[in-house]
Amino acid sequence: QVQLVESGGGLVQAGGSLRLSCAASGRTFSTYAMGWFRQAPGKEREFVATINWSGSIIYYADSVKGRFTVSRDNAKNTVYLQMNSLKPEDTAVYYCAASRISPSGSRRDYEYDYWGQGTQVTVSS
C-alpha cells in the first residue's frame, strides 16, 4: 500500500513558477513509476508527466513540454513537478499517482494503482 500526499499548489500569475511535491509512504516507493495528472473544471483528467523508478525514462504531455520538469528523490520518497512559464490554461487540480504495472511510466491513468488527493494550481492572467 502506498499513500501519496501532494503539496505546493497555489495561486500564481501567468509566467510564474510553482514546484509541486508528492510525498509517498512505504518502503517500496523506489519500485514504482510515478505520474502527474491534472483535471480542470468541466474537463477530463489528463496526463502531464511520468517518470520511471530510476528517473531515466521521462515523458511529458506536449502541452507542458519545455516548461515542466518531473524528477524524483527515492531517498526522500518524493516526486516533484517543477512548473515554469505557467499559463492560465494550466489551472487545474494536480494529482500524483504511483504505478506498479507500468515500471517505465505511463500516460494512461488506468495503469496507476495509487493516487493522491490533489493540489490546486491556479494561474491568473
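Residues numbered from 1 in each chain as written. Predicted model: local features only at pLDDT ≥ 70, side-chain atom pairs only at ≥ 80, totals over all residues. Heavy atoms only, no water.

1. Section: unusual backbone geometry
Okay, step 1: Phi is positive for Asn-77, close to 55°, though the residue is something other than glycine.
Okay, step 2: On the secondary structure map, Asn-77 appears in the loop between β7 (68-73) and β8 (78-83).
Okay, step 3: The class of Asn-77 is buried, set by a relative accessible area of 19%.
Okay, step 4: A positive phi is found at Ser-85, a non-glycine position, where the angle reads about 50°.
Okay, step 5: For Ser-85, the location among the structural elements is in the loop between β8 and β9 (92-99). (Helix = DSSP H or I, 4+ residues; strand = E, 2+ residues; numbered from the N terminus. Buried < 20%, exposed > 50% of the residue type's maximum accessible area, 1.4 Å probe, protein only.)

2. Topic: the nonpolar core
Okay, step 1: The biggest cluster of nonpolar side chains holds 35 residues, and the ones touching the most others in it are Leu-4, Met-34, Trp-36, Leu-81, Met-83 and Tyr-94.
Okay, step 2: For this core, the elements supplying multiple residues, two or more each, are β3 (18-24), β4 (33-39), β5 (46-51), β7, β8, β9 and β11 (119-124).
Okay, step 3: Broken down by element, the residue count for this core peaks at 5 residues, all from β9. (Core = buried A, V, L, I, M, F, W, Y, C linked by side-chain atoms within 4.5 Å.)

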